[in-house]
Amino acid sequence: MLNEKVAIVTGGTRGIGFEIVRTFLKNGAKVVLFGSRKESVDSAIAELKKEDTNYDVKGYYPNLVNENEIKEIFESVKNEYGHIDILVNNAGISSSTKITDFTEEEYDKISNLNIKSVFICSKVAINYLEESKGVILNTSSMVSIYGQKSGVMYPASKFAVNGITKSLALELASKGIRVNAVAPGIIETDMVKKLPKEMIEPLIKSIPLGRIGTPKDIANAFLFLASDMASYITGVVLPVDGSAKN
Ligand code: NAD
């Protein structure tokens, strides 16, 4: 479905992002994954190469809010492959901190990674994606629709991701760039393992499809939205959540 496409995936070293990278590779894409540390980038690449030595996958660990660093990497990807077709803004951190304990430091950490990095990477990608008539995909969350009982800046950051998605879809449509988001429900990754049991267990019990989601469930939605099968879809935030309510 993505033969010869070149994709950049932030937060591609584990969890949902890793599965997006693997699914894109399986479907013929060349993938550049971003992570936060050299060790996690190297081990993700090693795991993928173990699965298939022919996978064309590389990695970087840039500061996602440093525009110059991101520009340099996009330019070297373009020089190497000739084009960039897909940007997936997936890196993110969550929170369950009560508002009364929420520090300005945590506010900045969440808004920098979950919002500012989406803004910076999308901005840098535009010239390349205009040339390729490419796609920007963002990882939102079900909490961007329903809110969340604690950790206020996490849902707030995902409301912002939806705003960026819908607004850039309008602004970039004339350049032939599609912009969509996927809003996962509760997905079995390290992020969810870190949250308190009391918060997660009742939520899983209330999911109409009767199970927690897998990274594969989410990666399949990204694959569809990245592919030409979704060529008339833009500005959408697609829930992939077993019909969960928060
Ligand atoms: P995860 O913790 O397993 O993976 C997070 C990824 O983000 C990693 O690849 C990590 O390298 C990267 N990352 C973290 N901090 C970074 C930093 N400072 N700089 C650069 N990269 C950094 O999480 P996940 O569950 O796979 O989440 C991926 C995305 O999905 C996030 O945007 C998250 O908000 C969203 N999401 C997850 C769930 C869920 O239930 N797991 C639900 C809804 C939305």
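Refer to the structure presented above.
Only a predicted model underlies this, so the values are computations on that prediction, with no experimental measurement involved.

1. Things to note about the overall build of the chain
Then, number 1: Scanning the chain from terminus to terminus reveals nine helices and seven strands.
Then, number 2: Taken against the 2.2 N^0.38 rule, which gives 18 Å for 246 residues, the C-alpha radius of gyration of the chain at 17 Å falls within 12% of a compact globule.
Then, number 3: Along the first, second and third principal axes, the C-alpha set of the chain runs to 50 × 35 × 35 Å.
Then, number 4: Every one of the 246 residues in the chain was classed for burial, and the buried ones make up 49%.
Then, number 5: Pairs at least 24 apart in sequence give 74% of the contacts found in the chain among residues at least 6 apart.
Then, number 6: As displayed, the chain offers around 11800 Å² of accessible surface, 53% of which is attributable to carbon and sulfur atoms.

2. Some remarks on the side chain of Ser157
Then, number 1: Along the chain, the position of Ser157 falls in helix H6 (residues 153-172).
Then, number 2: With relative accessibility at 0%, the residue Ser157 sits in the buried group.
Then, number 3: Of the polar contacts made by the side chain of Ser157, one reaches the side chain of Asn114; its length is 3.1 Å.
Then, number 4: From its side chain, Ser157 meets the backbone oxygen of Tyr154 in a polar contact 2.7 Å long.
Then, number 5: Excluding anything up to four places from it in sequence, Ser157 contacts Ile110, Asn114 and Ile115.

3. Quick look at the pattern of salt bridges
Then, number 1: Within the structure shown, the criterion is met by 16 salt bridges.
Then, number 2: Its salt-bridge partner being Asp217, residue Arg211 comes within 2.9 Å of it at the nearest N-O pair.
Then, number 3: Assessed through its relative accessible area of 44%, Arg211 is described here as partly exposed.
Then, number 4: Residue classification places Asp217 among the partly exposed positions, given a relative accessible area of 26%.
Then, number 5: Salt bridges sharing common partners tie together Glu19, Arg22, Glu51 and Lys216.

4. Some thoughts on the packing of helix H1 (residues 15-26) against helix H2 (residues 38-51)
Then, number 1: Where H1 contacts H2, the axes come no closer than 11 Å and their chain directions differ by 35°. Two packed elements cross with a definite hand, and for H1 against H2 that hand is right-handed. Of the residues in H2, those touching H1 at Phe18, Val21, Arg22, Leu25 and Lys26 are Ala44, Glu47, Leu48 and Glu51.
Then, number 2: The residue makeup of the contact of H1 with H2, split by class, is five nonpolar, no polar and four charged.

5. Overview of the environment of Ile73
Then, number 1: With respect to the secondary-structure elements, Ile73 resides in helix H3 (residues 67-81).
Then, number 2: Ile73 gets classed as buried once you look at its relative accessible area, which sits at 9%.
Then, number 3: Linking Ile73 and Pro62, residues 11 residues apart in sequence, is a C-alpha distance of 8.4 Å.
Then, number 4: Apart from the residues within four sequence positions on either side, Ile73 is in contact with Phe34, Tyr60 and Pro62.

6. Regarding the site of the ligand
Then, number 1: In the vicinity of the ligand there are 26 residues, among which Thr13, Asn90, Tyr154, Ile187 and Thr189 approach most closely.
Then, number 2: One nitrogen or oxygen atom from the side chain of Lys158 is found 2.9 Å from an oxygen atom belonging to the ligand.
Then, number 3: Here the ligand, which alone exposes 840 Å², has 90% of that area covered by the protein.
Then, number 4: Elements with a minimum of two residues in the shell around the ligand: H1, H6 and helix H7 (190-193).
Then, number 5: Top element by residues in the shell around the ligand is H7. It accounts for three residues.
Then, number 6: Grouping the constituent residues of the shell around the ligand by class yields 10 nonpolar, 13 polar and three charged.

Reading the values: the criteria
Residues numbered from 1 in each chain as written. Predicted model: local features only at pLDDT ≥ 70, side-chain atom pairs only at ≥ 80, totals over all residues. Heavy atoms only, no water. Helix = DSSP H or I, 4+ residues; strand = E, 2+ residues; numbered from the N terminus. Rg over C-alpha atoms; globule rule 2.2 N^0.38 Å. Buried < 20%, exposed > 50% of the residue type's maximum accessible area, 1.4 Å probe, protein only. Contact = heavy atoms within 4.5 Å. Areas by Shrake-Rupley, 256 points an atom, 1.4 Å probe, with all protein chains shown as cover. Polar contact = N/O pair within 3.5 Å; in protein donor to acceptor, adjacent residues only side chain to side chain. Salt bridge = Lys/Arg side-chain N within 4 Å of Asp/Glu carboxyl O. Axes fitted to C-alpha atoms, helices over the stretch in contact; angles between N-to-C directions. Left-handed = near helix turned anticlockwise from the far one by under 90°. Nonpolar A, V, L, I, M, F, W, Y, C, P; charged D, E, K, R; others polar. Near = heavy atom within 4 Å.

Functional significance is not addressed by these values, which are geometric in nature.
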